[in-house]
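Coordinates in review
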Amino acid sequence: MKLPCELVVREILPTARGEVAKELVTVHGFTQTRVAEAFGITNAAISQYLKGLRGGNPLVESSPFRNHFYECIAKAADNIAEGHDVMEELCVICNDIKVCGMLDDIYKNQGEEMPLAECIECPRDNIVVE
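The shown structure was predicted, so the numbers you read here are calculated from the model rather than taken from an experiment.

Criteria and thresholds
- Residues numbered from 1 in each chain as written.
- Predicted model: local features only at pLDDT ≥ 70, side-chain atom pairs only at ≥ 80, totals over all residues.
- Heavy atoms only, no water.
- Phe/Tyr/Trp six-rings, centres within 6.5 Å; stacked < 30°, edge-to-face > 60°.
- Lys NZ or Arg CZ within 6 Å of the ring centre and 35° of its normal.
- Helix = DSSP H or I, 4+ residues; strand = E, 2+ residues; numbered from the N terminus.
- Contact = heavy atoms within 4.5 Å.

In this description, a pair of aromatic rings is defined by centroid distance and the angle of the planes. Within the structure shown, the criterion is met by 1 aromatic pair. When the ring of F69 is compared with that of Y70, the centres are 5.3 Å apart and the planes differ by 85°; the resulting orientation is edge-to-face. In this structure, R34 is placed above the aromatic ring of F30, and the distance from its NZ or CZ to the ring centre is 3.7 Å. Directly above the aromatic system of Y49 lies the positively charged group of R54, at a separation of 5.8 Å from the ring centroid.

On the secondary structure map, Y49 appears in helix 3 (residues 43–51). Here the alpha-carbon distance between Y49 and G18, two residues 31 residues apart in the chain, equals 4.8 Å. Ignoring any residue separated from it by four or fewer positions in sequence, one finds Y49 in contact with P14, R17, G18, K22, I41, R54 and G55.

Everything listed is a geometric property; what it means functionally is a separate question.
Dropping the structure here:
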């Protein structure tokens, strides 16, 4: 049995990061440097996302929830461009793909027979920043 977070980290997060980065550059006019700073990663990593060398996942692309996923990406990029925190926006995407059924779909398409473990309340929701 796999935890939902395992699937998110391996199958969803790299694609979400890459697509949000592309959206910030192409739609919102961010530079690679600005995206790298917002994400807390290197310019080289952003360059790889933009070139399609990182991120991308055929399970995401073939999912019946693909269009919904890309709507979430566009909304996250819009919010980041307005000053919202990147990590919080990626958490919103994570929660949304769990609720909409995309994560279950990806899990089943990996050939898993055991059910995906139930997700507990996200620990991020309990973090208090002072």
